[in-house]
Amino acid sequence: MVKDVLLVIDVQNGLQEAVGFNELIDRINQRIDAYRHTQRPVIFIQNVDSELPYGSDGWQLVKALHRQSSDRVMLKYHSDSFFETGLADLLHHRVKGTRKM
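Residues numbered from 1 in each chain as written. Predicted model: local features only at pLDDT ≥ 70, side-chain atom pairs only at ≥ 80, totals over all residues. Heavy atoms only, no water.

## A closer look at the side chain of Asn 29
Of note, Asn 29 is situated in helix H1 (residues 21-37). Looking at Asn 29, its side chain comes within polar contact range of the main-chain oxygen of Ala 64, at 2.9 Å. Sequence-distant contacts of Asn 29, that is, excluding residues within four places in its chain, are made with Ala 64, Leu 65 and His 66. (Helix = DSSP H or I, 4+ residues; strand = E, 2+ residues; numbered from the N terminus. Polar contact = N/O pair within 3.5 Å; in protein donor to acceptor, adjacent residues only side chain to side chain. Contact = heavy atoms within 4.5 Å.)

Okay, structure coming up:
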């Protein structure tokens, strides 16, 4: 079961205009903190497309996130976080017994 991994998907500067964005960041950070407290991993998934081009300010993850340098960050080029990202394999590998990420 993969319930011990937190996926934080598409929380990037270019999406800050969404209604309730700041409250969303607060709730995400609460969840991140809870996962860290119990030493469970957090994976950030970052979208790359024509509206969020790689390296642009809009593409950057929101600085207010409680992200650590040891957190895994994966890029996705489609709306599906599992399509051609290796995420499914990573999670499957984690479930099979290897707890190191």
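## Quick notes on the pattern of salt bridges
Under the definition given, this model contains two salt bridges. Of the charged contacts, one joins Asp 10 and Lys 76 as a salt bridge, the two residues approaching to 3.2 Å between their closest N and O atoms. Taken together, the positions of Asp 10 in the loop between strand E1 (6-9) and H1 and Lys 76 in strand E3 (residues 72-76) put the pair 66 residues apart, joining distant regions of the chain. The partly exposed category is assigned to Asp 10, whose relative accessible area is 22%. A residue is classified by how much of its surface remains accessible, and Lys 76, at 1% relative accessible area, is buried. (Salt bridge = Lys/Arg side-chain N within 4 Å of Asp/Glu carboxyl O. Buried < 20%, exposed > 50% of the residue type's maximum accessible area, 1.4 Å probe, protein only.)

## Quick word on the environment of Val 62
As for its placement among the helices and strands, Val 62 is situated in the loop between strand E2 (42-47) and E3. Along the sequence, Val 62 and Gln 16 sit 46 residues apart, while their C-alpha atoms lie 8.5 Å from each other. Setting aside its immediate chain neighbours within four residues, Val 62 contacts Val 11, Gln 12, Asn 13, Gln 16, Phe 21 and Ile 25.

## Quick word on the nonpolar core
Core analysis: the largest hydrophobic core is formed by 13 residues, its most contacted members being Val 8, Val 11, Ile 32, Val 42, Phe 44 and Leu 65. Contributing elements (two or more residues each) for this core: E1, H1 and E2. Setting aside chain neighbours within four positions, we find Val 42 in contact with Leu 6, Val 8, Ile 32, Tyr 35, Arg 36, Asp 71 and Arg 72. (Core = buried A, V, L, I, M, F, W, Y, C linked by side-chain atoms within 4.5 Å.)

## Looking at the pairing of E2
The element E2 is extensively covered by neighbouring structure, given that six of its six residues are classed as buried. Judged from the four bridges that link them, E1 and E2 form a sheet pairing that is parallel. Counterpart to Leu 7 in the pairing with E2 is Ile 43. Taking the sense of rotation as the criterion, the β-α-β connection linking E1, H1 and E2 turns out right-handed. The sheet contact formed by E2 and E3 spans five bridges and is parallel. (Pairing = 2+ DSSP bridges. Right-handed = clockwise from strand over helix to strand, strands pointing away.)

## Regarding unusual backbone geometry
Positive phi outside glycine occurs at Asp 10, with the angle close to 60°. A positive phi is found at Gln 39, a non-glycine position, where the angle reads about 60°. Structurally, Gln 39 can be placed in the loop between H1 and E2. Under the relative-accessibility criterion, Gln 39 is labelled exposed at 75%.

## Let's talk about the sheet that holds E1
With parallel pairing, three strands are arranged side by side in an open sheet as E1-E2-E3. Each edge of the sheet is formed by a strand with only one pairing partner; in this case those strands are E1 and E3. Between one strand and the next, the sheet's axes are offset by a mean angle of 25°, whatever the strand orientation. Each of E1 and E2 is contacted by H1, which is oriented at about 150° to E1, the strand it contacts most. (Axes fitted to C-alpha atoms, helices over the stretch in contact; angles between N-to-C directions.)

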